[in-house]
Amino acid sequence: MPPELSPSDSFPSPVAENSLPRDGKQTRTRTHVLTVALEDYYHAAPFRPWIREEIWYRFEDRLAASTGRMLDLFERCEARATFFVTGRIAEAAPELVRAVAARGHEIAAAGDHGRNLQDLDPARFRQDVIRARERLEQVVGRQVLGYRIASAWLSPADVWILDVLSDVGYHYDSSIRPALLSNPDEVWRRSRKQCLGPEHRFYEVPVSSIGLFGLQVPIAGGGPFRHFPEYWTRRAIAHWDRHRSEPYVLHLRTWELDADQPRISAPPMHARIRHYRNLQRMPRLLEEILSGYRFTSVASHLGLKPEPLSLVNVPEPQVGWGEGVPAPGRGRDAIPPVAGQEPKPVSVVVPCYNETESLPYLNKALRSLAAAAAGEYRFTFLFVDDCSTDATWAMLAELFGGRADCVLLRHPRNQGVSAAIQTGIRCAADEVVCSIDCDCTYDPHELRRMIPLLTAGVDVVTASPYHPSGRVINVPAWRLFLSRGLSRLYRMVLRQKLFTYTSCFRVYRKESVVAVDVHMPGFLGLSEMIARMDLAGRCVVEFPTTLEVRVLGFSKMKVLRTMFGHLGLLAGLIRVRFLRRAGSVATEASF
């Protein structure tokens, strides 16, 4: 029977160990371990509940730049690292992964960000980790030895995955971080009765934590570096270097060297603080730590050498970007042009007010839409800057000014979102005109499903997340309560019983809407437009869809002012209905 796994097999000490002298000077006589997650800022754990993989393609790609900064830093400090890479990133940026390997760093596999470990059984997990390794080996042409889960850290209940990893041929894992009263590494050592024998040893490489008042306190990774006092962090690492036999294991993320990354606004404040706090001090502090100690990769420390592989013998990856998940740079469900059939011309109005954070995000979404719909529609995008006070106009010119399919318009004074939409509709050259939000809270690709609903006799198609077949994602409960409450009130007053009256995401027949005279300012005008069309006997059709929370920038809506405005609009509509029932002459101008 194979021997029992001893505690030292969790992560062995260096073959030759020399402690630092008692005076605390850093002599770089010991070698520690450095690991890195190759991920962009929008992949980060605090944002995963708010940013689905389906919308990754919209974000500004900063991975290559932040990885380059990290590689240059490692080069200056003579450090080598293990980079954990997901199969999806390897497919999206294979040259970047090869560049990391070419700089002398180890490439290891990371789990899929979209997989929840608690939802996987051992058989499914086994398939996932085999595919993850195959993807990476196909890219780098070298054996992949290690693994790390992509989401959070292992709990004591999850240590079964280590047996699966060992069984499918991985040599080590680094998914454990002892914290507070939890130490999954100890649970695994007690529960694992045997290893696979001397031919295949499996190691767990937990990132480092120290005991403090009976609790495990993490001291490795950007989180402790950014949130703990610098003096305490330096002392903790120096104490480890002097008194612990096993190496210090440091874990970083490439986006932690990108202090200028876009600020994602969707998560609550505590999540944003967790991600962004003290990013600006990371380059200096990290260079100080890496210069003061010697760091190497996991494989190098364990004495493992990834063998080169012949690419012709490496299996092709069997899984693409996933069902419904677009790869960056590809159109989503693109329909090629039909010979002899001209795409239908459609104008899309985009109202903009102080949207510098959202415009690069919007740019990618609209390019994806235009590419995917090239065989169906020929879009012209009309951007209406509502007298922004930031750099919105300059950014519009930079991103869209040179494109034949884009028109830039500007209000001399701020008039509100409904006025901006009306300006765009009047300037549109096409009979079918759409309006969308600049922040992409509704997926612009849904226009391809909404436009066909504008059939004969239909004047407006409006997005409806509050429809029984619609849904909302991460929208605050207070906003849902107010919006749904307003919709109930409007249904009581208006002829057409809709579930959503406030959406900006719509498809119009220009001849039906261009003459509608809207008086209410800002967001109120969106509801007034539907109300006036309803009073005029126009037909409005709802399209059930999904509304998501805004991820970049902040809403310009003044909540209290808008609520009182809706009550005033409702009062005007009730007056019109009362006058009509009384036989009096009531026109659209009666409110």
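In what follows, the structure referred to is the one given above.
What you see is a predicted model, and the numbers here were worked out from it, not measured in a lab.

So, the overall build of the chain: which residues are in play, and what are the values?
A count of helical and extended segments in the chain gives 19 helices and 19 strands. Buried residues in the chain amount to 54% of all 591 residues. Within the chain, residue pairs in contact and separated by at least 24 positions form 81% of the contacts whose partners lie at least 6 positions apart. Roughly 25900 Å² of accessible area belongs to the chain as shown, and the carbon and sulfur atoms make up 54% of that amount.

Which residues make up the sheet that holds strand S17 (residues 506-509), and what values do they have?
Across the sheet, which stays open at both edges, the 7 strands sit in the order S13-S12-S11-S14-S17-S15-S18 with mixed pairing between neighbours. What marks the edges here is a single partner per strand, and that holds for strand S13 (406-410) and strand S18 (540-544). With strand direction ignored, the average angle separating the axes of adjacent strands in the sheet is 25°. Taken together, the 5 bridges between strand S15 (residues 460-464) and S18 define a ladder with parallel strand orientation. Bridged to Val 460 within S18 is Val 540. Its contacts with the sheet place helix H14 (residues 417-427) against strand S11 (344-352), strand S12 (377-385), S13, strand S14 (432-435) and S17, and it is angled at close to 150° to S11. The strands touched by helix H18 (residues 524-535) are S15, S17 and S18; relative to S17, the strand with the most contacts, the crossing angle is about 40°.

Break down the packing of H14 against H18 for me, citing the residues and quoting the values.
Any two packed helices are characterised by how steeply their axes cross, that is the angle between the axes, and by the distance between the axes. Two elements in contact, H14 and H18, have axes separated by 7 Å at closest approach and are oriented at 55°. Of the possible angle classes, the one that applies to H14 and H18 is oblique. Residue-level inspection shows Val 417, Ser 418, Ile 421 and Gln 422 of H14 in contact with H18, the latter providing Gly 525, Leu 526 and Met 529. Its residues assigned to classes, the contact of H14 with H18 shows 4 nonpolar, 3 polar and no charged.

Help me get a handle on the environment of Ser 245, residues and values and all.
Here Ser 245 is to be found in the loop between helix H8 (230-243) and strand S9 (249-253). Exposure remark for Ser 245: the relative accessible area of 33% places this residue in the partly exposed category. At a separation of 3.3 Å, a polar atom in the side chain of Ser 245 contacts the side chain of Glu 246.

Go over the packing of aromatic side chains with me, naming the residues and quoting the values.
As enumerated under the stated definition, the model contains 18 aromatic pairs in all. Measuring from ring centre to ring centre gives 4.9 Å for Tyr 42 and Phe 59, while their planes differ by 15°; the resulting arrangement is stacked. Note that Tyr 42 is positioned in the loop between strand S1 (31-37) and helix H1 (63-77) and Phe 59 in the loop between S1 and H1, a separation of 17 residues in sequence. Judged by relative accessible area, Phe 59 falls into the buried class, the value being 1%.

Quick rundown of the nonpolar core? Include the residues and the values.
Membership of the largest hydrophobic core comes to 74 residues, with the highest contact counts inside it found for Phe 74, Phe 83, Tyr 170 and Leu 250. By residue number, the principal contributor to this core is H1, which donates 6 residues.

Please provide a residue-by-residue account of a nonpolar patch on the surface, values included.
A cluster of nonpolar side chains, Leu 489, Met 492, Leu 560, Phe 564 and Leu 567, forms an exposed patch at the surface whose accessible area comes to about 560 Å². Elements that contribute at least two residues to the nonpolar patch include exactly helix H16 (477-493) and helix H19 (559-581). Looking at which element gives the most residues to the nonpolar patch, the answer is H19, with 3 residues. Checked against the element boundaries, Leu 567 lands in helix H19.

Now, about the pairing of S13: what can you tell me, with residues and values included?
Looking at chain direction, S12 and S13 are connected through 5 bridges and run parallel. Opposite Val 384, over in S13, you have Leu 409 as the bridge partner. Note on the crossover from S12 through helix H13 (residues 392-400) to S13: the handedness is right-handed.

Describe the side chain of Asp 386, and please don't skip the residues or the numbers.
Within the secondary structure, Asp 386 is located in the loop between S12 and H13. Despite being buried, Asp 386 has no salt bridge partner; Arg 413 is the closest side chain of opposite charge, sitting 7.7 Å away. A polar atom in the side chain of Asp 386 sits 2.8 Å from the side chain of Asn 414. If near-sequence neighbours (up to four positions away) are discounted, Asp 386 is found in contact with Cys 352, Tyr 353, His 411, Arg 413, Asn 414, Gln 415, Gly 416 and Val 417.

The rules behind each value
- Residues numbered from 1 in each chain as written.
- Predicted model: local features only at pLDDT ≥ 70, side-chain atom pairs only at ≥ 80, totals over all residues.
- Heavy atoms only, no water.
- Helix = DSSP H or I, 4+ residues; strand = E, 2+ residues; numbered from the N terminus.
- Buried < 20%, exposed > 50% of the residue type's maximum accessible area, 1.4 Å probe, protein only.
- Contact = heavy atoms within 4.5 Å.
- Areas by Shrake-Rupley, 256 points an atom, 1.4 Å probe, with all protein chains shown as cover.
- Pairing = 2+ DSSP bridges.
- Axes fitted to C-alpha atoms, helices over the stretch in contact; angles between N-to-C directions.
- Parallel < 35°, antiparallel > 145°, perpendicular 65-115°, else oblique.
- Nonpolar A, V, L, I, M, F, W, Y, C, P; charged D, E, K, R; others polar.
- Polar contact = N/O pair within 3.5 Å; in protein donor to acceptor, adjacent residues only side chain to side chain.
- Phe/Tyr/Trp six-rings, centres within 6.5 Å; stacked < 30°, edge-to-face > 60°.
- Core = buried A, V, L, I, M, F, W, Y, C linked by side-chain atoms within 4.5 Å.
- Patch = residues over 30% accessible without salt bridge, like charges linked within 9 Å, V, L, I, M, F, W, Y side chains within 5 Å.
- Salt bridge = Lys/Arg side-chain N within 4 Å of Asp/Glu carboxyl O.
- Right-handed = clockwise from strand over helix to strand, strands pointing away.
- Lys, Arg positive; Asp, Glu negative; His and termini not counted.

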